[in-house]
Amino acid sequence: MNSTKSKLYHSPACTDLVIEFEGLHRVKSDGLVYAYKCPSGVVTVGYGSTRDPINDAPVLETTVISKNMARVWLDRELQEISSDINNLLSGVPVNQNMFDAIVSFAYNVGLGALGRSTLLKRLRAADYIGAACEFSRWVKGADGEPLPGLVHRREREKGLFCKVFTLEQLEA
């Protein structure tokens, strides 16, 4: 495991997980991507972006971007979240899979929510099993009801968090 003395950054597996669950919605026949409201009522565009990370501006209902820009925004946001999570986990030993699961989680719920979470408290206390169990608590939409997509996402994030190594890591 890596104690975050050397920084970790999201891997392609993390990006793939976020893309799988966020999806690229409202792509019109002109090839452009239009803003929409997610199931929790938040204005979103591309792969779940709620703000333009290049201009640091909120996504508006009138926001329109290209597919390529949606990917640029996602990559930029994941880089920012990775950096912030390195700070949150300073000195906490985690492996790449754990880190990727936390980045995906934070991309979905926000860094503020992660920062206040029992998941982070347990992780900082090196209670890895307890931290893993916290993923399943984060499955409710704005109306307080579980969303099937979030249930599935949290299962995948928890599975990744608990996975010790990937085949690629073993072959390295």
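Throughout what follows, the structure given in this document is the object of discussion. The structure displayed is predicted, hence computed values, not measured ones.

Quick notes on the rules
- Residues numbered from 1 in each chain as written.
- Predicted model: local features only at pLDDT ≥ 70, side-chain atom pairs only at ≥ 80, totals over all residues.
- Heavy atoms only, no water.
- Helix = DSSP H or I, 4+ residues; strand = E, 2+ residues; numbered from the N terminus.
- Expected span 1.5 Å × (residues − 1).
- Buried < 20%, exposed > 50% of the residue type's maximum accessible area, 1.4 Å probe, protein only.
- Arc of directions from axis to C-beta.
- Polar contact = N/O pair within 3.5 Å; in protein donor to acceptor, adjacent residues only side chain to side chain.
- 1 Å grid on protein atoms, 1.4 Å probe; cavity = no way out; pocket = protein on both sides within 12 Å on 5 of 7 lines; lining within 4 Å.
- Points joined across faces, edges and corners; volume = space filled by probe spheres on them.
- Nonpolar A, V, L, I, M, F, W, Y, C, P; charged D, E, K, R; others polar.
- Salt bridge = Lys/Arg side-chain N within 4 Å of Asp/Glu carboxyl O.
- Patch = residues over 30% accessible without salt bridge, like charges linked within 9 Å, V, L, I, M, F, W, Y side chains within 5 Å.
- Areas by Shrake-Rupley, 256 points an atom, 1.4 Å probe, with all protein chains shown as cover.

With 15 residues, helix α7 (residues 148-162) extends 21 Å between its outermost C-alpha atoms, agreeing within 8% with the 21 Å of an ideal straight helix rising 1.5 Å per residue. The set of residues buried in α7 consists of L150, R153, R154, E157, L160 and F161. Relative to the axis of α7, the buried residues are bounded by an arc of 125 degrees and lie together on one face. For α7, the exposed residues set more than 90 degrees away from the buried face come down to P148 and E155.

Time to look at helix α3 (residues 96-109). Taking 1.5 Å as the rise per residue, α3 with 14 residues should run 20 Å; its terminal C-alpha atoms sit 20 Å apart, in good agreement. α3 sits mainly inside the fold: 12 of its 14 residues count as buried. Those residues of α3 that sit buried are Q96, N97, M98, F99, D100, A101, I102, V103, S104, F105, A106 and Y107. For α3, the N-terminal capping position is held by N95, with its side-chain oxygen 2.9 Å away from the main-chain nitrogen of N97. Looking one or two residues beyond α3, the residue adopting positive phi is G110, at roughly 100 degrees.

Our next topic: the layout of surface pockets. Its volume calculated, the largest pocket comes out at about 880 Å³. Lining the largest pocket are 33 residues, with E22, G48, Y107, N108 and V109 sitting closest to its centre. Mapped by element, the contributors of at least two residues to the lining of the largest pocket are α1 (12-22), α2 (67-88), α3, α4 (111-116) and α7. Within the lining of the largest pocket, the residues separate by chemical class into 15 nonpolar, nine polar and nine charged.

This next bit is on the pattern of salt bridges. Within the structure shown, the criterion is met by 10 salt bridges. Across the pair R156 and E20 runs a salt bridge whose closest N-O atoms are separated by 2.7 Å. Remark: E20 occurs in helix α1 and R156 occurs in helix α7; sequence separation between them is 136 residues. Judged by relative accessible area, which is 34%, R156 ranks as partly exposed. The salt bridge partner of R51 is D56, with a shortest N-O separation of 3.3 Å. Of the residues examined, R51 reaches a relative accessible area of 26% and is grouped as partly exposed. With relative accessibility at 60%, the residue D56 sits in the exposed group. Each of E22, R153, R154 and E157 takes part in a single network of salt bridges with overlapping partners.

Taken together, the side chains of I54, M69 and V72 define a hydrophobic patch exposed on the protein surface, amounting to about 220 Å² of accessible area. Within the secondary structure, V72 is located in helix α2.

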